[in-house]
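Single-letter residue listing:
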Amino acid sequence: MLRAVQCQSRLPRGSWMQLCLSLPGTRVPRGVYLCAASVPGAEGSYFLRKILHASSTSVPRGWFCSQRGSQEHPVRQSPSRHGLSHLRNVASSDAIKKHQKSLSAWFSHQPNEERQFGPSFSLDAVHVDPVIQESSLEEILKPSPDLTIQNQLQQSCSRVISLQNLFDVDVYGRQVKNVVLYGTVGTGKSTLIKKMVVDWCHGRLPRFELVIPFSCEDLSYSRAPISLRHLITKKYQHLRDVVPMLGTSNLKVLFILNSLEHLNLDFRLAGTELCCDPNEPVPPSAIVVNLLRKYLLPEASIIVTTRPSAVRRIPGKYVGRYAKICGFSDTNLQKLYFQMRLSQPGCSGGDGAGSSSGEQENLVEMLSRNLERHNQIAAACFLPSYCWLVCTTLHFLYFTKTVPPSQTLTGIYTSFLRLNFSGEVLDSTDPTNTSMMKYVAKTVGKLAYEGVMSRKTCFSEDDLVQCFEVEMKTESELNLLEVFRSDVFRFFLTPCVQPGKEHTFVFTIPAMQEYLAALYVVLGEKKTLAQRVGKELSEVLGKVSEDVAVVLSIISKVLPLRFLPVLLNLLKIFPRYFSRLSGKERDAIAHTMAEELFKEEDYNNDDVLDQINFSILGVEGPMSHPDEAPDDEVFELFPIFMGGILSRRNRAILEQLGCSIKNLAAFEIAKAMKKTVIRKSRKGLPPSELMDYLFFLHEFQNERFTAEAIRSLRTVNLSSVKMTPLKCSVLASVMGTTCHEVEELNLTSCNLDTNSLRILFPVLLRCKALHLQLNSLGSDACKEIRDLLLHDKCVVSNLRLANNPLGEQGAQYLAEALAGNRSLTHLSLLHTALGNRGAEVIAQHLASNQHLQELNLGYNSLADTAALRVVEVAKKHVTLDKVHLYFNDISEDGKRALHSLRTDRDGVRALVFLTAGTDVSDYWSHILNIVQRNLPFWDRERVQQHLALILQDLESSRKETANPWRKAKFLRVESET
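Residues numbered from 1 in each chain as written. Predicted model: local features only at pLDDT ≥ 70, side-chain atom pairs only at ≥ 80, totals over all residues. Heavy atoms only, no water.

A. Just the overall build of the protein chain, in detail. Each helix and strand in the protein chain was counted, giving 40 helices and 20 strands. Scored against the burial criterion, the 977 residues of the protein chain give a buried share of 55%. Here the analysis covers contacts within the protein chain between residues at least 6 apart in sequence; of these, 81% occur between residues at least 24 apart. Looking at the protein chain as shown, the accessible area adds up to about 43600 Å², and 52% of this sits on carbon and sulfur atoms. (Helix = DSSP H or I, 4+ residues; strand = E, 2+ residues; numbered from the N terminus. Buried < 20%, exposed > 50% of the residue type's maximum accessible area, 1.4 Å probe, protein only. Contact = heavy atoms within 4.5 Å. Areas by Shrake-Rupley, 256 points an atom, 1.4 Å probe, with all protein chains shown as cover.)

B. Broad picture of the pairing of strand 5 (residues 210-215). Along strand 5, six of the six residues are buried, which leaves the element largely enclosed by surrounding structure. Residues L210, I212 and F214 point to one face of strand 5 and V211, P213 and S215 to the other, with burial holding for every one of them. Examined bridge by bridge, strand 5 and strand 6 (residues 253-258) share six bridges and lie parallel to one another. Note that in strand 6 the partner of V211 across the bridge is L254. (Pairing = 2+ DSSP bridges.)

C. Inspection of the confidence of the model for the protein chain at higher detail. Averaged over the protein chain, the pLDDT score is 79; the fraction of residues at 70 or greater is 72%. Segment residues 145-154 is flagged for pLDDT under 50; beyond a separation of four residues in sequence, or across chains, it makes 20 contacts in the model. The low-confidence segment residues 528-541 (pLDDT under 50) makes ten contacts with residues lying over four places distant or belonging to another chain. (pLDDT = per-residue confidence, 0-100.)

D. Examining the pattern of salt bridges more closely. Using the criterion set out here, one finds 25 salt bridges in the structure. Across the pair R321 and E134 runs a salt bridge, and its minimum N-O distance is 3.1 Å. Taken together, the positions of R321 in strand 8 (residues 321-327) and E134 in strand 3 (residues 131-135) put the pair 187 residues apart, joining distant regions of the chain. Looking at R321, the relative accessible area reads 5%, which means it is buried. In this structure, D168 engages R207 in a salt bridge whose closest nitrogen and oxygen atoms are separated by 2.6 Å. On the criterion of sequence distance, the pair formed by D168 in the loop between helix 8 (149-156) and strand 4 (178-182) and R207 in the loop between helix 9 (189-201) and strand 5 is long-range, its members being 39 residues apart. Owing to a relative accessible area of 32%, R207 belongs among the partly exposed residues under this scheme. Three or more residues joined by partner-sharing salt bridges are found here, namely E261, R307, E424 and D487. (Salt bridge = Lys/Arg side-chain N within 4 Å of Asp/Glu carboxyl O.)

E. Expanded view of helix 16 (residues 384-398). Between its first and last C-alpha, helix 16 extends 21 Å over 15 residues, near the 21 Å set by a 1.5 Å rise per residue. Among the 15 residues of helix 16, 15 are classified as buried, and the element is accordingly described as predominantly covered. (Expected span 1.5 Å × (residues − 1).)

F. Just the environment of T865, in detail. Mapping T865 onto the fold places it in helix 36 (residues 864-876). When its relative accessible area of 59% is taken as the criterion, T865 is described as exposed. Taking the C-alpha atoms as reference points, T865 and I890, separated by 25 residues in sequence, lie 8.9 Å from one another.

G. Layout of a nonpolar patch on the surface. On the surface, L269, L274 and Y295 cluster together into a nonpolar patch covering about 300 Å² of accessible area. Looking at the element boundaries, L269 is found in the loop between strand 6 and helix 12 (284-293). Judged by its relative accessible area of 58%, L269 is exposed. (Patch = residues over 30% accessible without salt bridge, like charges linked within 9 Å, V, L, I, M, F, W, Y side chains within 5 Å.)

H. Looking closely at the sheet that holds strand 8. Ordered by their spatial adjacency, six strands build an open sheet running 3-8-4-7-6-5, and the pairing between neighbours is mixed. Each edge of the open sheet carries a strand with a single partner, namely strand 3 and strand 5. Averaged over all adjacent pairs, the angle separating strand axes in this sheet is 20°, with direction ignored. Sheet topology places strand 4 next to strand 8; four bridges connect them, and they run parallel. Looking at strand 8, one finds that Y182 is bridged to K324. In the packing of helix 11 (residues 228-235) onto the sheet, the strands contacted are strand 5 and strand 6, and the crossing angle to strand 5 comes to about 85°. (Axes fitted to C-alpha atoms, helices over the stretch in contact; angles between N-to-C directions.)

I. Spatial organisation of the side chain of D427. For D427, the location among the structural elements is in the loop between helix 17 (409-421) and helix 18 (436-453). Take D427: its relative accessible area is 5%, and that puts it in the buried class. Engagement of the side chain of D427 in a polar contact is seen with the side chain of R313, the distance being 3.4 Å. Leave out the neighbours within four places in its chain, and D427 touches R313, N433, L480 and V483. (Polar contact = N/O pair within 3.5 Å; in protein donor to acceptor, adjacent residues only side chain to side chain.)

J. Structural context of the packing of aromatic side chains. This structure, assessed with the given rule, holds 27 aromatic pairs. Between F167 and F208, the ring centres sit 5.3 Å apart and the planes meet at 80°, which makes this aromatic pair edge-to-face. In this pair, F167 is assigned in the loop between helix 8 and strand 4 and F208 in the loop between helix 9 and strand 5, connecting sequence segments 41 residues apart. You'll find F167 and F208 in the same group, each marked buried. Between Y439 and F484, the aromatic rings sit 5.5 Å apart at their centres with planes inclined by 50°, giving tilted as the arrangement. In this pair, Y439 is assigned in helix 18 and F484 in helix 20 (residues 475-487), connecting sequence segments 45 residues apart. Here the aromatic residues Y386, W388, F416, F421, F491 and F492 are joined through ring pairs into a cluster of three or more. (Phe/Tyr/Trp six-rings, centres within 6.5 Å; stacked < 30°, edge-to-face > 60°.)

K. Structural view of unusual backbone geometry. The omega angle of the peptide bond from V403 to P404 is -5°, so this bond is cis rather than trans. With respect to the helices, strands and loops of the structure, P404 is situated in the loop between helix 16 and helix 17. Phi is positive for S776, close to 55°, though the residue is something other than glycine. Considering the arrangement of structural elements, one finds S776 in the loop between strand 13 (767-771) and helix 33 (779-789). A relative accessible area of 62% means that S776 is categorised as exposed. One non-glycine residue, A833, lies in the positive phi region at around 60°. Locating A833 in the fold gives a position in the loop between strand 15 (826-828) and helix 35 (835-846).

L. Molecular detail of helix 19 (residues 461-468). For helix 19, the buried fraction is high: six of the eight residues fall into the buried class. Check the buried side of helix 19 and you find it contacts helix 18, helix 20, helix 21 (489-492), strand 9 (493-495) and strand 10 (505-507).

M. How the structure looks around the side chain of S756. Its place among the elements puts S756 in helix 32 (residues 754-764). Given the relative accessible area of 3%, S756 is considered buried. Contact partners of S756, with chain neighbours within four places excluded, come to M723 and C728.

N. Quick peek at the environment of N250. Along the polypeptide, N250 turns up in the loop between helix 11 and strand 6. Exposure remark for N250: the relative accessible area of 66% places this residue in the exposed category.

Below you can see the structure in the form of structure tokens.
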């Protein structure tokens, strides 16, 4: 009756707003625990002590009193029986110890998503208990009127109960035996149970002498009758000697039934008969029902985990306590989790412990500050699973230093969904057994896609009704919607906390909207009515035509009728026609991906990796209100996720979740997209958009496609893009798919360091023009550059290192490189703090070089002696004909000496001042252009002093000449200066 009232033809207006009743939370490694029914383990030391204590009575050893006989006539016990009893006790204790060891090993097992972070990420090391609130069946059935997260936070603090106190007596003083622990998808039920089992194995839960966990998903796959004792020994072989004692001793046993929503339980006597014998074979669901009825092993304690929609499957009279997991409703719990997670030794994965530790502390500090000022992120982190996602994303952004990166961003989100939705069906009572993730992709994905297309992130109740309820036609569909609303909705959507938007919803994590929108498109859910009907009709006709074609082919052999071949061809028309429609659908997917990837209105934005970083850590410095959305929403991750979902690994994971993407479909989409993507990339992209394009190719994980796309890139301009280790790894990985030479690689002002050069080393070898200005590269980086220039495959001909603090030691490394290099023709060391000693070292090694044509040593504090030494060597050099020495500390005498050296040998040009005797230098505009470009990065006072000297020199030379034409040129240059 209750279900019938809820499932009306249209859900009442305002019903969606009641979905923010409870806080989100999560179960991170669900996929691992659901296999736990096949593991052994247990704790036995306390039980052993109890057995030994029971046997040490005051009766003399080897004697007992007969129940029938008199106490005056003790009967001697057989030594063999006493020895057998002692052996049984020892065997039981050993069995429990083995059970304990096996359980601990199994429940401490890390999924693949955790192993990438190193061995330090164990359950004991990074676990933070979520808030558990005592509840009641009335509260579960009765919706709360509170619509804001703040009110929920205040409520969640009332009646908080710890995991260790779940089996304490209730308010009426009755001992609690059955506990129902419930929470929405991702609230951490399975993780909490895993921690509970591990604690018991390590002696931190002495209330119970034996713990036996079962996975209800595992039990749901079996229909054959089986006894409880056989079921236990089947799952836990070590307990063979302990099982006979169940129900015959005071052994304190705890049964754990995880994910009860997978079982269809019937508590009616007509549906499930009573059974109190642990040896009687009955269906597994009947065992669970009789355990909960306390008809089977009434002294055993039971804890059940389930989703809210399945709580009502257990009658309230069989439940001693309801407990609701509220996640990390306290921001202090969130900070504690991040502190523990990001401060683990294996987090950075680097060699430099000191620098890595400082970076970890900085991340934790920035994240804590952002949680305090950014309410929407704090609301998302109410779910422990999203805390896991945040930490995993930060690990990916900051500590990826391998080529190629071991993970992709799309892979992180796909794995995140696998951890929370693997093996999950929306409603086990529904005969369709709809995959939960498939349902989410069709419904929430539609909402996400429409938001991306309309450039909005906040959704009203009308938007939700339009996406979820408009096409509801059957009672089954409405029932599924009810289950989705109670169990899954809050995992993806949460109330908005922006002022004035309290009654709207946003995606819990902004990037999740773009991921689900991409999944919605790639799965082909975005179809017209003709495409939907055509697909169904094509499938039906295809099956029918195959059967009829077989029959007609047999008849045609017996009866040579001429019309049969024609009929066979007609039967094939419909599948072929609709296959063409599906082909056009894939063309549309490819077109959508390409168009979204190269949207010109997004050209002025930061690259997507910086956008994700800012969304998690915030933007330092003055900013608008942290919860205030930008005027123009950006969805640049959408096409990147589309490409990432098409990768083989992500398609395999999505297949496990019920979202199938065929190999042929992925191949045809890539084929249709290739021409458009390559053509548009040749037009030239701004640096941030080019980085997005390279990241898209990395996420796509298609080497052949990437190689063809990269061959078209002869110039790579990433200037002013902050090249983190991850971006360097992506660039090296993508460029590594081909071996072609790159005409120019511009990495000006990219925050490069020595580690960045090591990662990019294979790429730098193939670049003819290499721009590394304004990167704060020091002497250690010069050592890497030396190795680069001395490599036998190096093709670098133009190297610019201007505005880097290379110093004298850096000059030593570069001088060694010059002596052995065979490709370099142009070297710019403008403003690199070489000093006189550094210039002299370079001059000493110039004689060994036979290819250098131009050398820029401007703005390096060179005095007369060092400058003259460089020009003297240049005069004897075979190919060197131009040396830049402007903005150095050269006196008038030094200037005249340099001028005389320059005139003694034709072809050696020393660019020192804007004048050449009584005339203007031919390179005056070149010198001024260099000064103008570098003015923001130089010491302004020193530049002003040099410009004043230049003006004095221009004025003096102008007065010395009598040629009016030269005077006019001097005046023009003075005005430019």
